[in-house]
Amino acid sequence: MRDDDDQPWRPAAPARAPAVWEGAPARSDGGPRAVDVDDAGDLAPAAPDPAVSTAGPLRPPGRASSALTGVARAAAARWRRLAPTRRVAGLLGATALVAALVAVGGVAAGPEYAPVARASFEVDDLRTAPTATAWSTDLRSALAPGAEADCVGFDGSTRLGDDDVLVTTSAQGYVPDSGCEDAPGRLARLDARTGEVLWVADVAEAVGVDAIGLQASVDPATGDALVAVQSIVGSGLARIDTETGEVREVLRGPPDDGATDQVDESDGSDGAEGSDESDGSDGSATGGTADGSDPGYDPEGSGPSTGTGTGTGTGSSTGTVLQVEGLSTTAVVVSEQPVERFSDGGAAVSQGGRSLYRLYRADDLSAPTWTGNAGAGLSVRLVGDLLVIDVGDEPLVVDARDGAVEPLPGGLRNVESWAASLDGVVLSGRAGGEPTMVSLDSDGALRWSARLPSTSYPSVTDSCISVTVPGGEVTCLDPRTGDELWSRTLQAPGRGGDDGDGGPGSGEAEQVQAYFGTATDDVLAAVVDADEQGDPSGLDRGKEVHALAALSGDERWVTELPVASYVIATSRTTGYAATFFPSGRDTPTLIAFDLSDGRTLWTIELSSGSFTSAFWGPTLVRVDPDGVVHGLTTGVELAG
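These numbers were taken from a predicted model, which means no experiment stands behind them.

Here the focus is the state of the cysteines. Overall, the coordinates contain one disulfide when judged by the stated rule. Disulfide partner of cysteine 464: cysteine 476, at an S-S distance of 2.2 Å. With cysteine 464 in the loop between β24 (459-460) and β25 (465-469) and cysteine 476 in strand β26 (residues 473-477), the pair connects residues that are twelve residues apart, well separated along the chain. The burial state of cysteine 464 is the same as that of cysteine 476; both residues are buried.

Here it is as structure tokens:
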């Protein structure tokens, strides 16, 4: 501005912008058009704007548009009359409002994940393929020094607290003259976050058997581990302090209380009544019947035993072997059988006669709470403190806490599947010739009984007991009442529509699988196209896994997986499926998928050695053929 000008400076007014709309007659004389330059540098007619109609002359806007234009002009005039400070405040407020709308819209449109229902099964949330090694530990040097690399395997599937696992050894290629006869039977506690081995216990040496594999469970009340040591013929048991690795108790053979005399070798063909020796109970055992049939369990031969279960005898010195028949976190059931029933390779070669069964609490292996004689090969199912034994048409329930024996309530005449549920057990079988499921509480009392659409192996969570039926039907029962919550029929992938034209929606599933043991409470059910079941490799993606909300049956997501794969774990936002193959020609793989929409996130090879659990506690691991285990990570942590 000029020095002599005492008026405030004002910018020059801009030129008037073209009107948003001006009425004009349509051109009909082929007047000039806008042009573009094509790739060759020549002029080319511009492409018509698809949003502009050239069908006829332009017309003025309607009343609604005129009204909006008037409102806009009035707002603009009011804005111009505002003081500069008011304009700045208005701009800041509008910016905050837009930011808030964007944030709200982003949340509403973001992915939705089901809440974690079982934190004890939750694993690391690996949204990208793990490329970093958090730790490496040479387990062969720690647990199997001197063993050949291909003679021993390791598994850390038994979780202990939030981060630790119990690692067991297993013999690989355990056959005579294989060089693997001396494979160890050791147990270790490992911190799955750091790879540190906290202690190692030689369970096989403590029990006094040659181990080919170990099975472990953890008593939630004491924290001790029950470890079954399986040999070629027979097995043993140890109770171990998981804090120190100290072996507290051992059950390694027939007790020294005369009970071995009650293993009756009679098959009933000679009409023998069996042994009349006492088994330490207040009753007597009976043998086979005159017609050769097995009378089943002898109720008068049961009851608390006065003997001890921590004898020093072995199966070979007494002519009997001990077999661990069932192991839970709070109890164990074993049988004592003549060694002559088994071949050198461990196969049963004689089916006649009877066996003595003993039931122990996990915190006391010194004396069984119940003993009973029954036919060899008796079916026993141990869940928690409840032992269910099939005896003829009258299954029985035994309480491991006090040895009480009661008929199985609910009318089941056989038991085909069983699982823990709400501190009790659910069992399915047949009652009156019909598929039936019964639920028992922790004391063995009947909660409810429900008829099933067909024989099914249930998947059980605290929110839903899902049963599947050939044809793709999935039904959810309320675990507390047995009432049906919902039922859905899933369709096999790749099937045609209702009218057979190839569209979605029809074609029944030929196979349905339900998964459990994951952190989610959703029902994860898979359907496999019949055309894909015969795939020799199982690598073709002919299986669809559907996540169904436990309470409503609504589908959360669906993902397609290889036929030879199973969902093995879930985290907060990521699910994991592993492929398993019966031969060594294919390398197992792990597939990660998003739990909001099922899309595949990444795929990696699991291990080139023998099969091991993919997750040890929360940590994804890879076990090398030489026995070195690596904890894997992405190096990225999700916000909580």
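A word on the sheet that holds strand β27 (residues 484-489). The strand order β24-β25-β26-β27 describes an open sheet built from four strands, whose pairing is antiparallel. For this open sheet the edge positions go to β24 and β27, each flanked by a neighbour on one side alone. Note that β25 and β26 share five bridges and pair antiparallel. Residue pairing in the sheet places isoleucine 465 in a bridge with leucine 477 of β26.

On to the pattern of salt bridges. Enumeration over the complete set of coordinates arrives at 22 salt bridges. Aspartate 164 is the salt-bridge partner of arginine 189, the closest N and O atoms lying 2.9 Å from each other. Taken together, the positions of arginine 189 in strand β6 (residues 186-191) and aspartate 164 in strand β5 (residues 164-171) put the pair 25 residues apart, joining distant regions of the chain. For arginine 189, a relative accessible area of 12% puts it in the buried group. Take aspartate 164: its relative accessible area is 10%, and that puts it in the buried class. Across the salt bridge formed by arginine 248 and aspartate 241, the nearest N and O atoms sit 2.7 Å from each other. A residue is classified by how much of its surface remains accessible, and arginine 248, at 42% relative accessible area, is partly exposed. Linked through salt bridges whose partners overlap, the residues forming this network are Asp224, Arg239, Asp241, Arg248 and Glu249.

Another point: unusual backbone geometry. Although it is not a glycine, leucine 422 adopts a positive phi angle of roughly 50°. Within the secondary structure layout, leucine 422 lies in the loop between β20 (414-421) and β21 (424-431). Of note, the phi angle at aspartate 423 is positive, near 65°, even though the residue is not glycine. Mapped onto the fold, aspartate 423 is located in the loop between β20 and β21.

Its place among the elements puts aspartate 390 in the loop between β17 (386-389) and β18 (396-399). A polar side-chain atom of aspartate 390 sits 2.8 Å from a polar atom in the side chain of arginine 381.

What follows deals with the sheet that holds strand β32 (residues 565-570). In spatial order, the strands read β32-β33-β34-β35; together these four strands make up an open sheet with antiparallel pairing. This sheet does not close on itself; its edge strands, each paired only once, are β32 and β35 (600-605). In this sheet, neighbouring strand axes are inclined to one another by 25° on average, regardless of whether the strands run parallel or antiparallel. Both β32 and strand β33 (residues 574-579) contribute to a ladder of five bridges, which runs antiparallel. Residue pairing across strands places threonine 570 opposite glycine 575, the latter belonging to β33.

Let us now look at the packing of aromatic side chains. This model, assessed by the stated rule, comprises three aromatic pairs. Ring centres 6.2 Å apart and planes at 55° place the aromatic pair tyrosine 576 and tryptophan 602 in the tilted group. On the criterion of sequence distance, the pair formed by tyrosine 576 in strand β33 and tryptophan 602 in strand β35 is long-range, its members being 26 residues apart. Residue tyrosine 576 shares its accessibility class with tryptophan 602, and that shared class is buried. Taken together, Tyr576, Trp602 and Phe615 form an aromatic cluster joined through their ring pairs. The lysine or arginine in question, lysine 543, covers the ring of tyrosine 566, its NZ or CZ lying 4.5 Å from the ring centre.

So, about the pairing of strand β12 (residues 320-327). Of all the eight residues making up β12, seven are buried; the element is thus mostly covered by neighbouring parts of the structure. Joining the antiparallel neighbours β12 and strand β13 (residues 331-338) is a turn of three residues.

Before going further, it helps to spend a moment on the pairing of β17. Burial of the side chains of β17 extends over both faces: Leu386 and Val388 are buried on one face and Leu387 and Ile389 on the other. By the bridge criterion, four bridges tie strand β16 (residues 380-383) to β17 in an arrangement that is antiparallel. Following the sheet pairing, valine 383 is matched in β17 by leucine 386. What sits between β16 and β17 in their antiparallel hairpin is a turn of two residues, with glycine 384 showing a positive phi close to 60°. As paired strands, β17 and β18 are joined by four bridges and run antiparallel to one another. Considered in β18, the bridge of leucine 387 is made with valine 398.

Ranked by internal contacts, the top residues of the largest apolar core, which has 19 residues, are Leu166, Leu187, Val203, Val207, Val227, Val229 and Ile240. Contributions of two or more residues to this core are made by β7 (197-202), α4 (203-207), β8 (213-218), β9 (225-230) and β10 (235-240). Not counting chain neighbours up to four residues away, the residues in contact with isoleucine 240 comprise Leu187, Trp199, Ala201, Val203, Asp224, Ala225, Val227, Gly245, Glu246, Val247 and Arg248. Membership of the second largest hydrophobic core comes to 15 residues, among which are Trp135, Leu143, Ala188 and Trp616.

Now for the environment of glycine 403. Following the sequence through the fold, glycine 403 ends up in the loop between β18 and β19 (405-407). A C-alpha to C-alpha distance of 4.9 Å links glycine 403 and threonine 369, two positions 34 residues apart in sequence.

What counts, and at which threshold
- Residues numbered from 1 in each chain as written.
- Predicted model: local features only at pLDDT ≥ 70, side-chain atom pairs only at ≥ 80, totals over all residues.
- Heavy atoms only, no water.
- Disulfide = S-S within 2.5 Å.
- Helix = DSSP H or I, 4+ residues; strand = E, 2+ residues; numbered from the N terminus.
- Buried < 20%, exposed > 50% of the residue type's maximum accessible area, 1.4 Å probe, protein only.
- Pairing = 2+ DSSP bridges.
- Salt bridge = Lys/Arg side-chain N within 4 Å of Asp/Glu carboxyl O.
- Polar contact = N/O pair within 3.5 Å; in protein donor to acceptor, adjacent residues only side chain to side chain.
- Axes fitted to C-alpha atoms, helices over the stretch in contact; angles between N-to-C directions.
- Phe/Tyr/Trp six-rings, centres within 6.5 Å; stacked < 30°, edge-to-face > 60°.
- Lys NZ or Arg CZ within 6 Å of the ring centre and 35° of its normal.
- Core = buried A, V, L, I, M, F, W, Y, C linked by side-chain atoms within 4.5 Å.
- Contact = heavy atoms within 4.5 Å.

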